[in-house]
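Here is what each chain is made of, one letter per residue.
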Amino acid sequence: MTVGVLSTSGIDRCVSLLGEELTAYIAGAGTVREFRLWRADRRRWSDFGTRLQGAVEVADTFARANRLGAAAGWLREVGAAGIAGRSPARLLREATGDTFKRVQEAAERFTKR
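Quick caveat, the model's predicted, so the values are computed rather than measured.

Visitor: So, the overall build of the chain: which residues are in play, and what are the values?
Guide: The secondary structure content of the chain amounts to seven helices and zero strands. Mapped from its N terminus to its C terminus, the chain presents α and β elements in the order α-α-α-α-α-α-α. Its C-alpha atoms give the chain a radius of gyration of 13 Å, within 12% of the compact-globule value 13 Å for 113 residues. When the 113 residues of the chain are sorted by exposure, 42% land in the buried category.

What follows is the structure in structure tokens.
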């Protein structure tokens, strides 16, 4: 997974693909309201941008497989990325470089079933 710099359009894309609530969760915000404040402050983007870019790339994997409608549900499903007790969304929220790769690979496997 090549996670790049997040832009306004990247944030908008994540919200449009996954919904504001799930996007806020993955970003690390406690509430949608908090996420909206972060979103309005470009200085905060470095705090959550990598996580949202990872989420967009996962959603794009689902879109390429013509299964975008399943992306948000899969991200919420505990154990879907192969780690018991954690959803892919939570893994992205707590993400490290290896975690992004693991979630992306799990999304690719799921969409090819």
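Visitor: Residues and numbers for the packing of helix 4 (residues 45–64) against helix 7 (residues 97–111), please.
Guide: As a packed pair, helix 4 and helix 7 sit with axes 9 Å apart at the nearest point and diverge in direction by 15°. Taken together, the axes of helix 4 and helix 7 lie roughly parallel to each other. Here helix 4 runs over helix 7; the crossing is right-handed. On the side of helix 4, the interface is formed by Thr 50, Arg 51, Gly 54, Glu 57, Val 58, Thr 61, Phe 62 and Arg 64, while helix 7 contributes Phe 100, Val 103, Gln 104, Ala 107, Glu 108, Phe 110 and Thr 111. When the residues that make up the contact of helix 4 with helix 7 are grouped by side-chain class, the tally is six nonpolar, five polar and four charged.

Visitor: Let's hear about unusual backbone geometry: which residues, and what values?
Guide: Residues other than glycine seldom take positive phi values, yet Asn 66 does so here, at roughly 60°. Of note, Asn 66 is situated in the loop between helix 4 and helix 5 (71–76).

Conventions adopted
- Residues numbered from 1 in each chain as written.
- Predicted model: local features only at pLDDT ≥ 70, side-chain atom pairs only at ≥ 80, totals over all residues.
- Heavy atoms only, no water.
- Helix = DSSP H or I, 4+ residues; strand = E, 2+ residues; numbered from the N terminus.
- Rg over C-alpha atoms; globule rule 2.2 N^0.38 Å.
- Buried < 20%, exposed > 50% of the residue type's maximum accessible area, 1.4 Å probe, protein only.
- Axes fitted to C-alpha atoms, helices over the stretch in contact; angles between N-to-C directions.
- Parallel < 35°, antiparallel > 145°, perpendicular 65-115°, else oblique.
- Left-handed = near helix turned anticlockwise from the far one by under 90°.
- Contact = heavy atoms within 4.5 Å.
- Nonpolar A, V, L, I, M, F, W, Y, C, P; charged D, E, K, R; others polar.

Any functional reading would require information beyond the geometric quantities listed.
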